[in-house]
Amino acid sequence: CPITSGRHGLMQARNGLSLGKSSFQGHNPSWRFRSTPATERALQYQAGQKIHGFTVKEVVDVPDLFLTAVKLTHDKTGAQYLHAARDDKNNLFSVQFRTTPMDNTGVPHILEHTVLCGSEKYPCRDPFFKMLNRSLSTFMNAFTASDFTMYPFSTQNGKDFQNLLSVYLDAVFFPCLGELDFRQEGWRLENENATDTSSPLIFKGVVFNEMKGAFSDNEQVFAQHLQNKLYPDHTYGVVSGGEPLAIPDLSWEQLKHFHVTHYHPSNARFFTYGDLPLEQHLKQIQEEALSKFERTEPDTAVPNQPHWDRPREDHVTCSPDAMAPDAAKQNTLCMSYLLGDNGFEEERIEALLHKIEIQMKHQSTSFGLSLASYIASCWNHDGDPVQLLKISDSVTQFRQALKDNPRFLQEKVVHYFKDNTHRLTLSMSPDEAYLEKQVKAEEEKLQKKIQALSENDKKDIYEKGLELLSIQSKTQDASCLPALKVSDIEPTIAVTRVEMGTAGGVPVQYCEQPTNGMVYFRAMCSLNSLPEDLKLYVPLFCSVITKMGCGGLDYRQQDQQMELKTGGMSISTSVNPDYSNMDMYEQGVLLSSSCLERNLPDMFHLWSDIFNSPHFDDEERLRVLVMMSAQELANGISYSGHMYAMTRAARNLTPTGELQETFGGMEQVKFMKRVAEMPDLTQVLRTLPRIKRHILNPLNMRCAVNATPQKMSNAAGQLDNLMCNVASNKKDRKPVQPLDPLAPPGSGPSRKLVAVLCSIITPQEPNFKPCQMKTFFPMPFPINFVSECIRTVPFTHEDCASLNILARMMTSKYLHGEIREKGGAYGGGARMGGGLFTFYSYRDPNTMQTLSAFRKGVDWARSGQFTQQDIDEAKLSVFSAVDSPIAPSDKGMGRFLSGITDELKQAHRERLFAVTDKSIVDVAGRYLGIGQRTCGVAILGPENDTIKKDPSWVVK
């Protein structure tokens, strides 16, 4: 997988598709393609038809995915276009360019950032971030992969789609690419204090700091090195995101030249998805962009890598927190297994094909984005994206190949693996001096740059720094950008109907949804009776309970049955704050699984075995799982450090925060590291059954099922069987009458049901006293993650809505400029939730400066230095999250997990609409002002002498 860089962090570009499918048994599937207005409209197009400068090349019915694909080519420029018509209101647009850098300066990544900083039609600074607050988008981002750059957005609003399309088209084809934007987003030499000529010159820049953070992630380092060394002779031999020490070698002129040679329609691939008319998209794209270009012949193709005549070996070092994978041993074991006579068992193959079927049937809210990502790599190299969508055809061909040649897979392994001399064995080991060497190398690079400067150069750097700071500090006029209005927001929410009942005496929430032949099951199990000394072990219990074997199955057989019969089975910790009381919460573990309707008895049988006879006797297996879990936690810090900082900062403010730190914070990371280093895990093995007795008990459960109306009765019967099988003491439980959740308030049945639910899952109200604490965690990476949390009010409080709007407005109108643009951090902002108002920064070169920005943000809000337009934009941004689409599998789950009903949501919605400038200034002063707040602070980052010398900080 190529490493890709996006506006919101590095991610792995996945070639898999999380979509869905029908039966693969070689005969007619049990369901039929349901035509919809969108698909019917698309089927009317014909090959050769001319539409707004495009020619239709192919129209294909794709029943597997309930869509019609229309492939077109732009007549004038040769731009390629694919439209996927589907009955989905969450419409998506994407344009991608083949970007093939030949050095490590990160030119495509820096260009991706810089094109979004203003364009001919929209010359205001950073229209991308400003549109986040002027639309109801469900997704806006940009990604830089190893060999392409993609710009996708999605929205459920037709007018919004046109607005965003206009901004995206102008950004990629007609960007300003100003020098100051390049210096801000890419890299620059600047005085540490931009207003002080005597302060030392240092490297600054958003991408520069982002990639410093990326290269502190050991998994990313390993994956990047693997790709570079396996394909060394062309674009895959370099770091498309930018190697930190090579980024300062990129010039502004080189950036502009790369845009000219790569961001042209002749090198572009357009993709649209959803139920909006294709003609409208083509007309706008033609008029606003493509009509202004002529065809070119872009020189961006990637030649084949010359094949090695012998295998090679290489080694890479990393920061000392990682455990180096023994790559050679893993490869040997893998080949030995695959080449054995029993390497490809029929049931194992069926399990993998079943996984494809599940993926195609599952309906996600980001189906269009998944589709765009799925076809991107193949299409980028002139493959046919329509063929990729014909998944059942590929499966049929695969089955036929196996039938014709029983050793089909073994021969592929021999050809591509065993006899393939183009093979790399890469190992990685920790180096105690890794960070020190990085710092030294950066200092040497810096000094080399400085020594080449004349006094006039230094003066020019200072003046450009002041100029950039001046522009960053000015209030920008964004009136040129299109925007929706608050009146465009739906005043009421769509009601999700649920039915309440029981199964084996356990309360159950039933939600009938169009789940496309899938059944989704959840169960919440209370932790109220669990002794305190076992709390730290709960996440470990959750991670291993479905992977140790159960009933008559060892762990391998259990895993295979889960893949063959389910879409996955998992258990996770769940801590839900009470919506009306800051010091009350629910603690539990959440069981989650899904399956095809035909496999429901098998899925519940697996759960029954996990409840009744889990295996806790294999210390070797437990050690493997513990090591994997500990390593995943350690590796995740450099990528999700802001989440760890926020969790730690909240620890001493609410009971919920305290338990969340125990289950998922730095405390849990430290605990798992300690367990992984234990020479003997016998004591841990003895602990797991104790936890199981408290947790997996139907007396402490409630369940939820989402399924189609036709299958709900069957699902209820199967669930009743499961509960009877696992409830050995069920005779002690009094049966609960199924009740109507829509009965009038105060009527008997509804009150009885509430009483039952409360008796099973009782929120905790410990003797908790909030206190302030500042905690610093020295970490082996060169950037910081900073957070400050302030205790405020719960969800149903009248001030919660104003704090929500304030957090969004402060992020876009103040913190973004201070933390990202001026400070050079990759990201930062504020959020409101769980009774906490939380500030954070991500991959940040600063600490004290960022904490100061948090405090100044409060002063900015209290002074009322914002307009009604600012408030309206914040409301649009908040509502885009509140009204984000919910998949059929997840409908009703907010109510199930938190108890927040549609009525409570509607009341909160009305309070959001009612927020005013006066209420914002009021809550900023009453909850966030110095002396009016109880706060916690946490920082993860490199060694910091200032913090170490300050006795008010706790250094871990």
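Parameters at a glance
- Residues numbered from 1 in each chain as written.
- Predicted model: local features only at pLDDT ≥ 70, side-chain atom pairs only at ≥ 80, totals over all residues.
- Heavy atoms only, no water.
- UniProt positions renumbered as here; feature names shortened; annotations may be inferred.
- Helix = DSSP H or I, 4+ residues; strand = E, 2+ residues; numbered from the N terminus.
- Expected span 1.5 Å × (residues − 1).
- Contact = heavy atoms within 4.5 Å.
- Core = buried A, V, L, I, M, F, W, Y, C linked by side-chain atoms within 4.5 Å.
- Buried < 20%, exposed > 50% of the residue type's maximum accessible area, 1.4 Å probe, protein only.
- Phe/Tyr/Trp six-rings, centres within 6.5 Å; stacked < 30°, edge-to-face > 60°.
- Lys NZ or Arg CZ within 6 Å of the ring centre and 35° of its normal.
- Salt bridge = Lys/Arg side-chain N within 4 Å of Asp/Glu carboxyl O.
- Pairing = 2+ DSSP bridges.
- Axes fitted to C-alpha atoms, helices over the stretch in contact; angles between N-to-C directions.
- Parallel < 35°, antiparallel > 145°, perpendicular 65-115°, else oblique.
- Left-handed = near helix turned anticlockwise from the far one by under 90°.
- Nonpolar A, V, L, I, M, F, W, Y, C, P; charged D, E, K, R; others polar.
- pLDDT = per-residue confidence, 0-100.

- Named according to an unreviewed UniProt entry, the chain is Pitrilysin metalloproteinase 1 originating from Hucho hucho.
- What the UniProt record of the chain gives under Subunit (unreviewed entry) is the line "Monomer and homodimer; homodimerization is induced by binding of the substrate."
- Database annotation for the chain, UniProt heading Subcellular location (unreviewed entry): "Mitochondrion matrix".

A look at helix α32 (residues 917–928)
Inference 1: Given a rise of 1.5 Å per residue, twelve residues ought to cover 16 Å, and the 16 Å separating the end C-alpha atoms of α32 matches this to within 8%.
Inference 2: Looking at the buried residues of α32, the elements they touch are β23 (784–791), α27 (800–822), β25 (836–844), α28 (848–862) and α29 (868–882).

Brief notes about the nonpolar core
Inference 1: In this structure, Phe93, Tyr151, Phe173, Phe270 and Ile285 are the most contacted members of the largest nonpolar core, which totals 78 residues.
Inference 2: In terms of residues, this core owes the most to one element, helix α4 (residues 158–173), which gives nine residues.

Digging into the packing of aromatic side chains
Inference 1: One pass over the structure, following the stated rule, counts 31 aromatic pairs.
Inference 2: Centre to centre, the rings of Trp860 and Phe866 are 5.7 Å apart; their planes meet at 55 degrees, and the pair counts as tilted.
Inference 3: Across the ring face of Trp252, the terminal group of Lys256 is positioned such that the distance to the ring centre comes to 3.5 Å.
Inference 4: One residue, Arg831, lies across the ring of Tyr840, its end atom 5.2 Å from the ring centre.

Remarks on the pattern of salt bridges
Inference 1: Under the definition given, this model contains 43 salt bridges.
Inference 2: Glu179 is paired through a salt bridge with Lys464; the nearest N and O atoms lie 2.9 Å apart. Here Glu179, found in helix α5 (residues 179–185), pairs with Lys464, found in helix α17 (residues 455–473); they are 285 residues apart in sequence, far enough to count as distant.
Inference 3: Among the residues examined, Lys464 registers a relative accessible area of 21% and is labelled partly exposed.
Inference 4: With a closest N to O distance of 2.8 Å, Glu818 and Lys822 form a salt bridge.

Details of the sheet that holds strand β19 (residues 569–577)
Paired through backbone hydrogen bonds, the strands of a sheet run either parallel or antiparallel to each other.
Inference 1: Spatially, the six strands line up as an open sheet ordered β16-β17-β21-β18-β20-β19, and their pairing is mixed. Of all strands in the sheet, those with a lone pairing partner are β16 (499–503) and β19, marking the two edges. Neighbour-to-neighbour, the strand axes of this sheet turn through a mean angle of 25 degrees, independent of strand direction.
Inference 2: When strand β18 (residues 518–526) meets strand β21 (residues 701–707), the two strands line up antiparallel, connected through six bridges.

Some points on the packing of helix α20 (residues 600–612) against helix α25 (residues 709–726)
Inference 1: With their axes 9 Å apart at the nearest point, α20 and α25 run at an angle of 20 degrees to one another. Taken as axis vectors, α20 and α25 run roughly parallel relative to one another. When you trace α20 past α25, the crossing you get is right-handed. For the pair α20 and α25, contact is made by Leu600, Pro601, Phe604, Trp607, Ser608, Phe611 and Asn612 and by Asn714, Ala715, Gln718, Leu719, Leu722, Asn725 and Val726, respectively.
Inference 2: Split by residue class, the contact of α20 with α25 holds nine nonpolar, five polar and no charged.

Some remarks on the confidence of the model for the chain
Inference 1: When pLDDT is averaged along the chain, the result is 89, and 90% of the positions lie at 70 or above.
Inference 2: For the stretch residues 1–34, pLDDT sits under 50, and the model shows 131 contacts to residues farther than four places along the chain or on other chains.
Inference 3: A low-confidence stretch, residues 729–761 stays under pLDDT 50, and its non-local contacts, those more than four residues away or across chains, total 42 contacts.

So, the pairing of strand β4 (residues 54–62)
Inference 1: Across two bridges, strand β3 (residues 50–51) lies against β4 in antiparallel orientation. The partner of Ile51 across the bridge, within β4, is Phe54.
Inference 2: Once β3 ends, the chain turns through two residues before running back antiparallel as β4, passing His52 with a positive phi of about 50 degrees.
Inference 3: The antiparallel pairing of β4 with strand β5 (residues 67–74) creates a hairpin that spans four residues between the two strands, and Phe66 there sits at a positive phi of about 55 degrees.

With respect to unusual backbone geometry
Inference 1: Residue His52 is not a glycine yet carries a positive backbone phi of 50 degrees.
Inference 2: Residue placement: His52 occurs in the loop between β3 and β4.
Inference 3: In this structure, Asp382 is a non-glycine residue whose phi angle is positive, near 70 degrees.
Inference 4: The residue Asp382 is located in the loop between α12 (367–380) and α13 (385–389) in this model.

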